[in-house]
Every structure is written in structure tokens, then in C-alpha cells.
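# Survey of secondary and tertiary structure
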Amino acid sequence: MVDSFVFRNMREEDIDQILEVEHASFTTPWSREAFYNELHNNRFAVYIVLEENNKILGYCGAWIVIDEAHVTNVAILPEFRGRKLGEAILRKMMSVAREMGAKSMTLEVRVSNHVAQSLYRKLGFQNGGIRKNYYSDNQEDGLVMWVKLC
């Protein structure tokens, strides 16, 4: 199923397609400048894309600081969801983080996003706490989840 897809590092020329994924996935999407800064100015940032036939279907970003990886974003175009691509790209990011020395990974997810939480639990993430009013668009709480990578 995922065999025809390619994972690679995000490049600056990918930003237009990344913004399409971003706008289709989030109520408060990141800006072009945010992605540019992540790629050029954040030495902790790692971003990978999932593509097929030069079309970016999704991406995942993380900050890897010492031995901890913090997932910033993971998103798949809506028309490609339900094909285990989110799982594939997150597994890839977990592998990349592990190779870079991370021993654990964390992320925040909306408390209402049960589909994402189910995926994260499938990959070994466990609840770690609540960040009150974490999401600026509607003040929804964020569930913090953790997984050991080693």
C-alpha cells in the first residue's frame, strides 16, 4: 500500500505544496515564513515529506533536542487519509529521530481528535498530561502523549 510512496527531507521548493496540505488539515495553518524558518533557521528541526509522482501527500515535522523529539506537525491531504499514510510517515519520523539519538518522542493532540489519538496509541504513545487551552483557535485542551523510542 505504501510501497509506491517516497519519503525524503523537505526542501524550500516544497513549501507551496506543504501549504496546501497545511490549509486542508488545520484550522490555524502555519505560514510560508514559519516553514521557511523551520527549514533554514531552526537547527533542531527535521521535516520529511511523503510523495508520489512528485506530489506531496503529507509531511511530518519534529524538533530533536538532545535525546527528545517533539512532533510539531503531521498531516496528510484529506483525499489520501484512511490509507495508513499518517502511520507510515510517523513511523518514518520515529525512525529518523531514533537514528539522530532521540530516546523519546512527544506530541500534543486535540482532546477531541480521537482518530489521531488512536493512531498514536497504536504506535505506543501514552497519555502524559493535559495542556489547558492549548489550541488558540478554540481554546481546546491539548493531550500530551509520549513514547519511548529505544
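Nothing here was measured: the structure is a model prediction, and the numbers come from that model.

Conventions we followed
Residues numbered from 1 in each chain as written. Predicted model: local features only at pLDDT ≥ 70, side-chain atom pairs only at ≥ 80, totals over all residues. Heavy atoms only, no water. Axes fitted to C-alpha atoms, helices over the stretch in contact; angles between N-to-C directions. Helix = DSSP H or I, 4+ residues; strand = E, 2+ residues; numbered from the N terminus. Parallel < 35°, antiparallel > 145°, perpendicular 65-115°, else oblique. Left-handed = near helix turned anticlockwise from the far one by under 90°. Contact = heavy atoms within 4.5 Å. Disulfide = S-S within 2.5 Å. Buried < 20%, exposed > 50% of the residue type's maximum accessible area, 1.4 Å probe, protein only.

### Let's talk about the packing of helix H1 (residues 15-25) against helix H2 (residues 32-41)
Contact pair H1 / H2: the axes reach a minimum separation of 10 Å and the direction vectors enclose 125°. By the angle class used here, H1 and H2 are oblique. Both H1 and H2 take part in a crossing whose hand is right-handed. Only Arg32, Phe35, Tyr36 and Leu39 of H2 make contact with H1, whose side of the interface consists of Ile15, Asp16, Ile18, Leu19 and Glu22.

### Comments concerning the state of the cysteines
Counted under the stated rule, the structure contains zero disulfides. No disulfide involves Cys60; its nearest neighbouring cysteine sulfur is the one of Cys150, lying 19 Å away. We classify Cys60 as buried; its relative accessible area is 0%. A residue is classified by how much of its surface remains accessible, and Cys150, at 75% relative accessible area, is exposed.

### Observations regarding the environment of Val6
By the secondary structure assignment, Val6 is in strand E1 (residues 6-9). Taking the C-alpha atoms as reference points, Val6 and Gly128, separated by 122 residues in sequence, lie 32 Å from one another. Aside from chain neighbours lying at most four places away, what touches Val6 is Val49, Leu50 and Glu51.

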